[in-house]
Amino acid sequence: MTLGYRSARTDSFSLACDGLSFDVAEGEFVAIVGPSGCGKTSFLSAVAGLLPVTSGRLELNGEQILGPSPDRSLVFQQASLFPWRTVEANIAFGLKAQQRLDKKGKDRVAGLVELVGLSGKEGKYPRELSGGMGQRVNLARALATDPDLLLLDEPFSALDAQTREVMQEELTRIWQADRTGKGKTAVFVTHDVPEAVFLADRVVVFSDGPARLLEVVEVDLARPRDAAVKRSAEFQAISDYILRLVMSRSQPGRRASDHDSHTTVAG
Ligand SMILES: Nc1ncnc2c1ncn2[C@@H]1O[C@H](COP(=O)(O)OP(=O)(O)OP(=O)(O)O)[C@@H](O)[C@H]1O
Ligand SMILES: [Mg+2]
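Just so you know, these numbers come straight off a predicted model, no measurement behind them.

Thresholds applied
Residues numbered from 1 in each chain as written. Chains lettered and ligands numbered in written order. Predicted model: local features only at pLDDT ≥ 70, side-chain atom pairs only at ≥ 80, totals over all residues. Heavy atoms only, no water. Phe/Tyr/Trp six-rings, centres within 6.5 Å; stacked < 30°, edge-to-face > 60°. Helix = DSSP H or I, 4+ residues; strand = E, 2+ residues; numbered from the N terminus. Buried < 20%, exposed > 50% of the residue type's maximum accessible area, 1.4 Å probe, protein only. Lys NZ or Arg CZ within 6 Å of the ring centre and 35° of its normal. Pairing = 2+ DSSP bridges. Domains from an automatic or database assignment. Contact = heavy atoms within 4.5 Å. Buried area = accessible area lost by both parts, 1.4 Å probe. Salt bridge = Lys/Arg side-chain N within 4 Å of Asp/Glu carboxyl O.

**Some remarks on the packing of aromatic side chains**
Thought 1: Applying the stated criterion to the full structure yields eight aromatic pairs.
Thought 2: Judged by centre distance (5.8 Å) and plane angle (90 degrees), the rings of Phe43 and Phe206 are edge-to-face. One end of the pair, Phe43, is in helix α1 (residues 40–48); the other, Phe206, is in strand β10 (residues 202–206), and 163 residues separate them in sequence.
Thought 3: Residue classification places Phe43 among the buried positions, given a relative accessible area of 1%.
Thought 4: With relative accessibility at 0%, the residue Phe206 sits in the buried group.
Thought 5: Ring plane angle 50 degrees and centroid distance 4.6 Å describe the contact between Phe82 and Phe93, whose orientation is recorded as tilted. Here Phe82 is found in the loop between β7 (72–75) and α2 (87–97), whereas its partner Phe93 is found in helix α2, with eleven residues between them in sequence.
Thought 6: On the accessibility criterion, Phe93 (34% relative accessible area) is partly exposed.
Thought 7: Through a chain of ring-to-ring contacts, three or more aromatic side chains come together here, namely Phe29, Phe156, Trp175 and Phe188.
Thought 8: The ring of Phe198 is capped by Lys230, whose NZ or CZ atom sits 4.8 Å from the centre of that ring.

See below:
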């Protein structure tokens, strides 16, 4: 699929994603890496249904994505919490909006508070939280409605290195623990190649903008993973390989035609 932005001022069109075509399987964790400004956020926004594609199509479970829907949750780079709502109310927000905050919904909120390690902080307001805690709330809020697809746009990039490491481990734990029957599918955008390798089953490498598909790299590291895996030779080899790909800025060998390309998630 292809997408871009039209400038009202100059009436010109600039491409952000060019002929991207790949599938994400149900229950899979896919990371997307690529140079700054290449079109990663644009791609994720399109999957979220916030930005229309120019040609081609995006599908979720065989249905074309035409707009936002509760079957997808997006987590942004910066914690985007309601400052006037408590931790608990922030997490419950989506369920409440969907009129699902019954006994079961409330239990789910309580379970998520525990899952993301915020027990005892339910009544706090966002301003009383650290950056890492804020992102935990963000994550719990995205999970609360039990979406088929979790979309994460550099959710840890504003955190310090240490907190970031902790959050990466937490996310793999949460992603595994929250697989309630049907698999939880995740697409995670990051600049950070080791982060992508640590988290993902496959890493999708985008080229310079407009983003084209350079390669999809399998990450064959056993799960569950903890931080120690980052010191393994296998981990280093995969990370080095992807890093070289990202730095190479090469053109892909073959480009899918704009019109027949489509991207399927959790199909
Ligand atoms: N709302 C917009 N209107 C016009 N152009 C935009 C808009 N948003 C993004 N772009 C352009 O689209 C291209 C891709 O931007 P995008 O934000 O998707 O990149 P990115 O890969 O997420 O970058 P980063 O890694 O820095 O977050 C850039 O050239 C950017 O200037
Ligand atoms: Mg971005």
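Structure's up, so let's keep going.
**A closer look at the pairing of strand β5 (residues 57–60)**
Thought 1: The pairing of β5 with strand β6 (residues 63–64) spans two bridges and is antiparallel. Counterpart to Leu60 in the pairing with β6 is Glu63.
Thought 2: Count of turn residues in the β5/β6 antiparallel hairpin: two residues, of which Asn61 carries a positive phi of about 50 degrees.

**Here we look at the domain arrangement of the protein**
Thought 1: Domain assignment breaks the protein into domain 1 (3–71 + 148–265) and domain 2 (83–146).
Thought 2: Averaged C-alpha coordinates put domain 1 and domain 2 at centres separated by 25 Å.
Thought 3: Taken together, the 18 residues of domain 1 in the interface contact 13 residues of domain 2.
Thought 4: Contact between domain 1 and domain 2 buries roughly 1,300 Å² in total, counting both sides, with carbon and sulfur atoms accounting for 61%.
Thought 5: At the boundary of domain 1 with domain 2, the tally comes to two salt bridges.

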